[in-house]
Amino acid sequence: PKKYMKPNSADILVTNGTVLTLDAGDTEIYNGAVAIDKDTIKAVAPADKFGDWSISKIIDAHGGIIMPGLINSHTHAAMTCFRGLADDLPLMAWLNDHIFPAEANLDDQMVYCGALLACAEMIMSGTTCFCDMYLFEDAVARAAKKAGMRAVVGEVLYDFDSPNYGPIENGFKYSRQLIDTWQNDPLVTIAVEPHSAYLCTPQLLKEALELTQTFDLPLVIHLAESKSEIAQIKERYDRTPVEHLAELGVLAPNLLACHCVELTENDIALLQRFDVKVAHNAESNMKLASGVAPIPRLIEKGICVAMGTDGCASNNDLDLFQEMDSVAKLHKAKSLDPTVMDAPTVLKMATISGARALGLEPVIGSLEKGKKADLIIVDTNKPHLTPMYNPVSHLVYAAIGSDVTTSIINGSVVMNDGRLKTMDLDTVMDDVNEIAKEIAG
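Treat the numbers as computed from the prediction; the structure is a model and nothing was measured.

Conventions we followed
- Residues numbered from 1 in each chain as written.
- Predicted model: local features only at pLDDT ≥ 70, side-chain atom pairs only at ≥ 80, totals over all residues.
- Heavy atoms only, no water.
- Helix = DSSP H or I, 4+ residues; strand = E, 2+ residues; numbered from the N terminus.
- Rg over C-alpha atoms; globule rule 2.2 N^0.38 Å.
- Buried < 20%, exposed > 50% of the residue type's maximum accessible area, 1.4 Å probe, protein only.
- Lys, Arg positive; Asp, Glu negative; His and termini not counted.
- Charge placed at Lys NZ, Arg CZ, Asp CG, Glu CD.
- 1 Å grid on protein atoms, 1.4 Å probe; cavity = no way out; pocket = protein on both sides within 12 Å on 5 of 7 lines; lining within 4 Å.
- Points joined across faces, edges and corners; volume = space filled by probe spheres on them.
- Nonpolar A, V, L, I, M, F, W, Y, C, P; charged D, E, K, R; others polar.
- Pairing = 2+ DSSP bridges.
- Core = buried A, V, L, I, M, F, W, Y, C linked by side-chain atoms within 4.5 Å.
- Contact = heavy atoms within 4.5 Å.
- Axes fitted to C-alpha atoms, helices over the stretch in contact; angles between N-to-C directions.
- Parallel < 35°, antiparallel > 145°, perpendicular 65-115°, else oblique.
- Left-handed = near helix turned anticlockwise from the far one by under 90°.

Undergrad: Whenever I open this one, the overall build of the protein chain confuses me. Can you help?
TA: Broken down by element type, the protein chain carries 15 helices and 18 strands. For the protein chain, the C-alpha radius of gyration of 21 Å lies close to 22 Å, the compact-globule estimate for 441 residues. Taken over the C-alpha atoms alone, the protein chain extends approximately 80 × 45 × 45 Å along its principal axes. Considering the protein chain as a whole, with its 441 residues, one finds that 59% of them fall into the buried category. If the 36 positive side-chain charges of the protein chain are averaged to one point and the 60 negative ones to another, these points end up 8 Å apart.

Undergrad: Can you help me understand empty space enclosed by the protein in this one?
TA: Using a probe with the size of a water molecule, rolled over the atoms, empty space left in the structure can be pinpointed. This model, assessed by the stated rule, comprises one cavity of 30 Å³ or more. In this model, the largest cavity occupies a volume close to 220 Å³. For the lining of the largest cavity, the secondary-structure elements that each account for two or more residues are α1 (91-103) and β7 (127-134). Ranked by residue count, the leading element in the lining of the largest cavity is α1, at six residues. A per-class count over the lining of the largest cavity returns 12 nonpolar, five polar and three charged.

Undergrad: Explain unusual backbone geometry to me, please; I cannot follow it from the model alone.
TA: Note: most residues except glycine have negative phi, and most peptide bonds are trans. With an omega of 15 degrees, the peptide bond between Asn315 and Asn316 qualifies as cis. Along the chain, Thr386 connects to Pro387 via a cis peptide bond; the corresponding omega equals -10 degrees. Even without a glycine there, the phi angle at Leu22 is positive, about 60 degrees. One non-glycine residue, Met341, lies in the positive phi region at around 50 degrees.

Undergrad: Would you explain the pairing of strand β5 (residues 65-68) in this entry?
TA: Each regular strand carries side chains that alternate between the two faces of the sheet. With two bridges connecting them, strand β1 (residues 9-20) and β5 associate as parallel partners. When the sheet's bridge partners are listed, Val19 is paired in β5 with Ile66. Examined bridge by bridge, β5 and strand β15 (residues 375-378) share four bridges and lie antiparallel to one another. From the neighbouring strand, Ile66 faces β15, where its bridge partner is Ile377.

Undergrad: How do you make sense of the layout of surface pockets when you look at a structure like this?
TA: By volume, the largest pocket is sized at about 570 Å³. Taken together, 29 residues form the lining of the largest pocket, with Thr189, Asp216, Leu217, Pro218 and Leu360 sitting closest to its centre. The set of elements that each furnish at least two residues to the lining of the largest pocket consists of α4 (168-182), β9 (188-190), α5 (202-215) and α13 (352-357). In the lining of the largest pocket, the residues fall into 14 nonpolar, eight polar and seven charged. By volume, the second largest pocket is sized at about 260 Å³. Lining the second largest pocket are 17 residues, with Lys348, Met349, Ile352, Ser353 and Arg356 sitting closest to its centre. For the lining of the second largest pocket, the secondary-structure elements that each account for two or more residues are α12 (343-349) and α13. A per-class count over the lining of the second largest pocket returns eight nonpolar, three polar and six charged.

Undergrad: Any chance you could explain the nonpolar core here in plain terms?
TA: The tendency in soluble globular proteins is for nonpolar side chains to be buried side by side. With 147 residues, the main nonpolar core has Met67 and Phe321 as its most contacted residues. If you tally residues by element for this core, the top one is helix α2 (residues 108-124), at 12 residues. Excluding its chain neighbours within four sequence positions, the residues that come into contact with Met67 are Leu20, Phe321, Leu347, Thr351, Leu367, Leu375, Ile376, Val378 and Leu395. Among the nonpolar cores identified, the runner-up in size contains 16 residues, and Val19, Ala373, Ile408 and Val413 belong to it.

Undergrad: What is the right way to read the packing of α2 against helix α15 (residues 425-440) from this model?
TA: Two quantities define a packed helix pair, namely the angle between the axes and the distance from one axis to the other. Interhelical geometry of α2 versus α15 gives an angle of 130 degrees and a closest axis separation of 9 Å. As judged from the angle between their axes, α2 and α15 are oblique. Here α2 runs over α15; the crossing is left-handed. Contact residues: Met110, Cys113, Gly114, Leu116, Leu117, Ala120 and Met124 in α2; Leu425, Val428, Met429, Asp431, Val432, Ile435 and Ile439 in α15.

In structure tokens form, the structure reads like this:
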């Protein structure tokens, strides 16, 4: 007799939804399903292909959208503690007169609580991975781990003493400790993160690059964010910030340059030549009136552009769905061209381009067999999402973070039916409200 073959098996089947894979061919499966085994995607196919599979747990998408989790490529998670603290101010006044003084009193516990709140907000609005630059970053890594979120974290490095590590030589020691502590972690990746060309000496920037090359890590920096930054660097080095980094040999494929608002044609050519990745933070740039980054031009040049929210003190939320909407509309208004930054381009910025920018493209950013299972379900049974002619268009122009019902990260269900599984939301919010009382004095 023919030997009975055991059917395929999976731990979780997310089924009964429109699957947007965001793979190279932009495959969409109208009534599709994603099979997950442990932390990995085992199959992506039409739902009826899984009839004879042995499945431990079925998650019904109820006709919604099944898609890769969003990737926030630039934020300062613990700044949830300062949400709304200093609004309606220009960047340098906001930083020097309000944010730096408030940060001088930060400690590990405050950063942990603020980062946990950020993780809750991000998970509940469809973000499954974020790249963080801040102080006491070990606390951010621990918060991400507790929340079950994927994170790329790095301690901010600058010339003056840090509230965390003191002088810069200790900053590099702290970065080394982070690398040692978190190496091979399934969720946390360490990056090296000098603040900017205006707060870091050439020596610091070079040393930061060397550290990333030794350990094959991302290098993250704020770059060409405002006119005042350009003026400072021009005065000091007689170059634009991008030219300055090029001169130092710091432009490289592992560099993620955040903002890139004020760029010359030569700057753009340099970013392209060295395959530098860019994190676009439209809402923060609008709120601080830093300007509009030439993103359509960068994309036209083949530069990888990802999307970030920046911190809660300059946005003031971490909802990447709202950010996508802003990004698409801002560039249409700026260019007076309604065809610029179409929905598929913008959705890629928040998914697969984000993965590429963080060096995680082989692992996340699309729903493909063999990648890690980071995915979300968007409930489309809502008045503002009815009818639905084009799911991609809806995600960019109509969906909001609260439409996300389920979030799976690295194969673990961290939110189901809108309920967080990894933390007690009330406690997390109470803790930050206590911190806010201290800050408000």
